[in-house]
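# Observations on the three-dimensional arrangement
Chain by chain, the residues:
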Amino acid sequence: MRLSRYFAPTLKEAPADAEVISHKLLTRAGMIRRLTSGVYNYLPLGWRSLNKIAAIVRQEMDRAGALELHMPTVQPADLWRESGRWEHYGKELLRFVDRHDRECCLGPTHEEVITDLVRKEIKSYRQLPVNLYQIQTKFRDEIRPRFGLMRGREFIMKDAYSFDRDDAGAETSYRAMFEAYKRIFTRLGLRFKPVEADSGSIGGSFSHEFMVLAQTGEDVIASCTACDYAANVERAVARAAGTKDDAVPPALTTAPTPGKHTVEEVAAFLNVSADRIVKTILLDVDGQAVAALVRGDRELNPIKVKNLMNANAAVFATAEQVAAWTNAKVGFAGPVGLKVARVIADAELALREGWVTGANADDAHHVNVSLSRDAKVTEYADIRTIAEGDLCPLCGGAMEFPRGIEVGHVFKLGTKYSAAMRSVYLDENGKEQLMVMGCYGIGVSRVLASCIEQNNDEHGIVFPPPVAPFHVSLLNLDPKADDASAKAQEIHDALESAGLEVLLDDRDERPGVKFKDADLMGLPMQLVVGGKGLARGVIEAKDRRTGEKTDLPVDGFAAAFTAWKEAVYAGWGLEKAGGA
RNA sequence: CGGGAUGUGGCUCAGUCUGGUAGAGCACUGCGUUCGGGACGCAGGGGCCGGAGGUUCAAAUCCUCUCAUCCCGACCA
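Throughout what follows, the structure given in this document is the object of discussion. Along each chain, the written sequence defines residue order, and numbers are assigned to residues from 1. Chains and ligands are labelled sequentially in the order written, the chains with letters from A and the ligands with numbers from 1. Local features are withheld for residues below a pLDDT of 70 in this predicted model, meaning they are given only at 70 or higher, and side-chain atom pairs are given and counted only at 80 or more; totals for whole chains, interfaces and linings count all residues. Side-chain calculation: all heavy atoms of the structure are included, whereas hydrogens and water are not.

## Thoughts on the overall build of chain A
Strands here mean DSSP runs of E at least two residues long; helices mean DSSP runs of H or I at least four residues long; both are numbered from the N terminus. Check the secondary structure of chain A and you find 16 helices and 32 strands. Here the C-alpha coordinates of chain A stretch approximately 95 × 65 × 50 Å along the principal axes. Contacts are assigned to residue pairs that have any heavy atoms within 4.5 Å of one another. Here the contacts in chain A between residues at least 6 apart in sequence split such that 69% fall between residues at least 24 apart. Carbon and sulfur atoms form 50% of the exposed surface of chain A, whose accessible area is close to 25800 Å². For the purpose of charge, His is not counted, nor are the chain termini; Lys and Arg are scored as positive and Asp and Glu as negative. For this purpose, a charge sits on NZ of Lys, CZ of Arg, CG of Asp or CD of Glu. Chain A carries 72 positive and 81 negative side-chain charges, and their two centres are separated by 1 Å. What sets the accessible areas is the Shrake-Rupley method with a 1.4 Å probe; for residues, cover comes only from the shown protein chains.

## Structural notes on the protein's contact with RNA strand B
In this text, near means that some heavy atom of the residue lies within 4 Å of the molecule or strand in question. Neighbouring residues of RNA strand B: 47 residues in total, closest Arg-140, Ile-143, Arg-144, Asp-519 and Glu-540. By the criterion applied in these results, polar contacts are pairs of N or O atoms within 3.5 Å in which, for protein atoms, one can donate a hydrogen and the other can accept it, and in which residues neighboring in sequence qualify only through two side-chain atoms. One nitrogen or oxygen atom from the side chain of His-409 is found 3.1 Å from a phosphate oxygen belonging to RNA strand B. Counting residues per element, the ones that place at least two in the surface near RNA strand B are strand S1 (32-36), strand S8 (154-164), strand S22 (403-414), helix H14 (511-521), helix H15 (531-535) and strand S31 (538-543). In terms of residue class, the surface near RNA strand B is made up of 15 nonpolar, 10 polar and 22 charged. In this classification, Asp, Glu, Lys and Arg are treated as charged, Ala, Val, Leu, Ile, Met, Phe, Trp, Tyr, Cys and Pro as nonpolar, and every other residue, Gly included, as polar.

## Some points on the sheet that holds strand S13 (residues 253-256)
In this scheme, strands are said to pair when DSSP sees at least two bridges between them. An order of S13-S19-S18 is seen for the three strands of this open sheet, with the pairing classed as antiparallel. Of all the strands in the sheet, the pair left with one neighbour each is S13 and strand S18 (355-358). Geometrically, the sheet is characterised by an average inter-axis angle of 30 degrees between neighbouring strands, direction not taken into account. Bridge analysis of S18 against strand S19 (residues 364-369) gives three bridges, and the strand direction is antiparallel. What sits directly across from Thr-357, in S19, is His-366. All axes here are fitted lines through C-alpha atoms, helices being fitted over the stretch that makes contact, and every angle between N-to-C directions spans 0 to 180 degrees.

## Section: the packing of helix H1 (residues 21-28) against helix H12 (residues 444-454)
Running from N to C, H1 and H12 point in directions that differ by 100 degrees, and their axes come no closer than 8 Å. Between H1 and H12, the angle is such that the two are roughly perpendicular. Counting all contacts with H1, which are made through Ile-21, Ser-22, Leu-25 and Leu-26, the residues of H12 involved are Leu-448, Ala-449, Ile-452 and Glu-453. The residue inventory of the contact of H1 with H12, partitioned by class, reads six nonpolar, one polar and one charged. By the definition adopted for this analysis, an angle is roughly parallel if under 35 degrees, roughly antiparallel if over 145, roughly perpendicular if from 65 to 115, and oblique otherwise.

## Observations concerning helix H7 (residues 263-270)
Regarding H7, the residues found buried are Val-263, Val-266 and Ala-267. Along H7, the residues classed as buried sweep out an arc of 100 degrees about the axis, all on the same side. Opposite the packed face of H7, turned more than 90 degrees from it, sit the exposed residues Glu-264 and Ala-268. Its buried side turned inward, H7 meets strand S14 (278-285), S18 and S19. Phi for Asn-271, located one or two positions after H7, is positive at around 60 degrees. Exposure is judged per residue with a 1.4 Å probe applied to protein chains only, and the accessible area is read against the type maximum: over 50% gives exposed, under 20% gives buried, and values in between give partly exposed. It is the directions from the helix axis to the C-beta atoms that the arc portrays.

## Let's talk about unusual backbone geometry
That bond from Leu-128 to Pro-129 is cis: its omega, 0 degrees, falls within 30 degrees of zero. Inspection of the secondary structure assignment puts Pro-129 in the loop between helix H5 (111-121) and strand S7 (130-139). If you check the backbone angles, Phe-147 has positive phi at about 60 degrees while not being a glycine. Position of Phe-147 among the secondary structure elements: in the loop between S7 and S8. On the basis of relative accessible area, Phe-147 is assigned to the buried category, the value being 17%. If you check the backbone angles, Asp-286 has positive phi at about 50 degrees while not being a glycine.

## Side note on the sheet that holds strand S32 (residues 549-553)
Here five strands make up an open sheet; going across it, the order is S29-S28-S30-S31-S32 and the pairing mixed. Strands at the two margins of the open sheet, each flanked by one partner only, are strand S29 (502-505) and S32. In this sheet, adjacent strand axes meet at a mean angle of 25 degrees when their direction is disregarded. Both strand S28 (residues 472-476) and strand S30 (residues 525-529) contribute to a ladder of five bridges, which runs parallel. The partner of Leu-474 across the bridge, within S30, is Leu-527. Its contacts with the sheet put helix H16 (residues 557-572) on S28, S30, S31 and S32, and the angle it makes with S30 is roughly 150 degrees.

Structural measurements only, silent on function.
What follows is the structure in structure tokens.
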């Protein structure tokens with residue numbers, strides 16, 4: 001491909017609103033252009049990269065036995081009503097009515113459509129299992145799109161759905177997808193980590209997120225340095241460490257704490273450390289008043305409370321609710337004498353005695369509180385967010401907390417949708433059974449962004465070969481000189497016929513411009529054809545990743561190039577690089 | 001939806017406070033000189049200053065309303 005005939009508008013400066021490196025570089029390298037908030041044009045270079053990613057995803061999905069199909073973006077409201085999500089999905093679901101006043105939405109995901117399709121067409125156990133997938137545009141009306149392709153409203157996703165006869169089958173399907181995902185991200189050259197995404201029983205979790213490790217990630221991973229345990233911090237099990245050796249304190253007393261309603265203020269005022277204070281957080285859990293107790297230096301995780309109670313939603317109580325439930329303003333709630341439906345204490349609180357808590361009265365706290373003696377705790381459970389210093393819940397090893405970008409998610413759905421939408425089959429005995437489902441997503445456009453987050457330097461993108469839109473930047477520094485042009489064309493043709501994708505910069509530009517653009521676009525291999533090199537009888541080659549330059553002789557170029565290419569690819573350490 | 005900010009040629013921005021008839025750099029067109037890490041000169045093209053009202057002799061600039069975008073908090077691939 002000749003760059004003079006290509007459409008790759010590069011920019012010296014990044015748009016002012018681009019914050020993260022992938023957004024800046026994708027824009028500057030002429031790969032994407034923003035159309036409107038969270039919605040992007042994929043220019044030829046960007047689209048090529050995206051298709052490289054999609055091709056690898058396809059190969060691995062097919063290898064794992066999944067079948068590709070394509071479902072519509074426009075979906076009828078009826079299906080969403082059946083699953084119950086028309087009411088529950090929220091505003092991310094972009095709804096509209098058509099000319100006949102029929103309610104529709106743009107698909108943010110396709111559980112409803114696929115379940116509808118399968119329930120109509122699959123009737124027998126003989127037809128199961130099936131795993132169907134598509135690579136398709138999704139729309140989610142995010143409140144705040146940001147970071148370019150990282151969090152768009154319209155994005156490209158691979159979504160797969162498995163249907164099995166029973167739990168065991170669903171688990172097999174799940175494991176097959178899990179393995180396929182590992183292969184995909186490995187082949188793409190990403191540094192990633194599969195992470196538990198469900199707070200369910202340790203080791204038996206049926207939801208994993210695949211995180212690409214990057215400082216700019218929006219998620220934090222709790223990862224054990226000793227064993228394989230890794231989980232999203234939002235879900236990670238926080239282990240209550242230590243033994244109980246505090247003595248039961250003398251009778252509790254009440255201390256005036258005027259205006260001191262935060263943990264820091266109370267700690268400073270009463271001269272105690274934050275880990276000796278109990279925070280009492282009032283939650284509205286499906287309409288029930290619930291008090292959640294955690295140590296003053298910890299963070300409550302409302303999701304854990306929600307899951308513990310098997311509830312639909314656990315939200316912080318409003319100031320009015322707090323006032324009604326505690327007879328005090330916000331900041332003075334405590335478990336002693338508190339009348340709520342449930343008092344859930346973090347497991348860690350069972351290990352100590354002698355707490356400072358709110359007194360359920362304005363401007364007052366209790367001191368020397370024993371939860372077992374003075375309060376009615378319904379139960380002790382893990383309801384806090386794991387933190388720096390916590391130990392691994394599996395092996396007790398030290399934890400670290402790297403940031404990550406969620407690029408994939410595998411989930412065992414069970415019968416949630418098949419039950420709601422009556423997706424059933426007949427078993428060997430002619431008995432009706434619910435299909436057991438799983439769903440598996442990869443954010444294809446997000447993978448592109450993550451790839452660039454992990455692979456860039458001060459000059460631009462450093463594409464791993466499998467993701468690069470072309471393999472070689474071939475710079476003709478003297479397009480007006482016949483010999484250079486002829487040689488460049490000859491090399492271009494030779495490499496292309498050897499199966500490599502070559503972008504020949506034949507533009508009438510000064511050399512500096514070409515060097516800068518080549519570095520910016522980040523194709524893994526650069527070849528320079530110019531008067532100086534030709535005079536020495538060489539084509540200059542540069543490994544974009546290392547910056548290392550090598551002279552390849554014009555005579556015997558093919559062999560020299562092949563050897564060099566192998567070295568460049570080997571440097572990437574990929575199990576199987578793209579191209580010839 | 002709250003909190004903060006910004007809208008001026010394709011891009012990055014100045015000009016707004018203190019109204020006086022629109023600028024720079026990059027990009028684009030032509031000519032010339034250049035030509036191995038984002039050249040230079042000359043000459044050009046391109047902007048109803050986000051939109052609508054209002055104040056004023058006069059509005060990018062002041063006022064009101066609106067729309068859009070971006071940044072900080074709760075969702076998700």
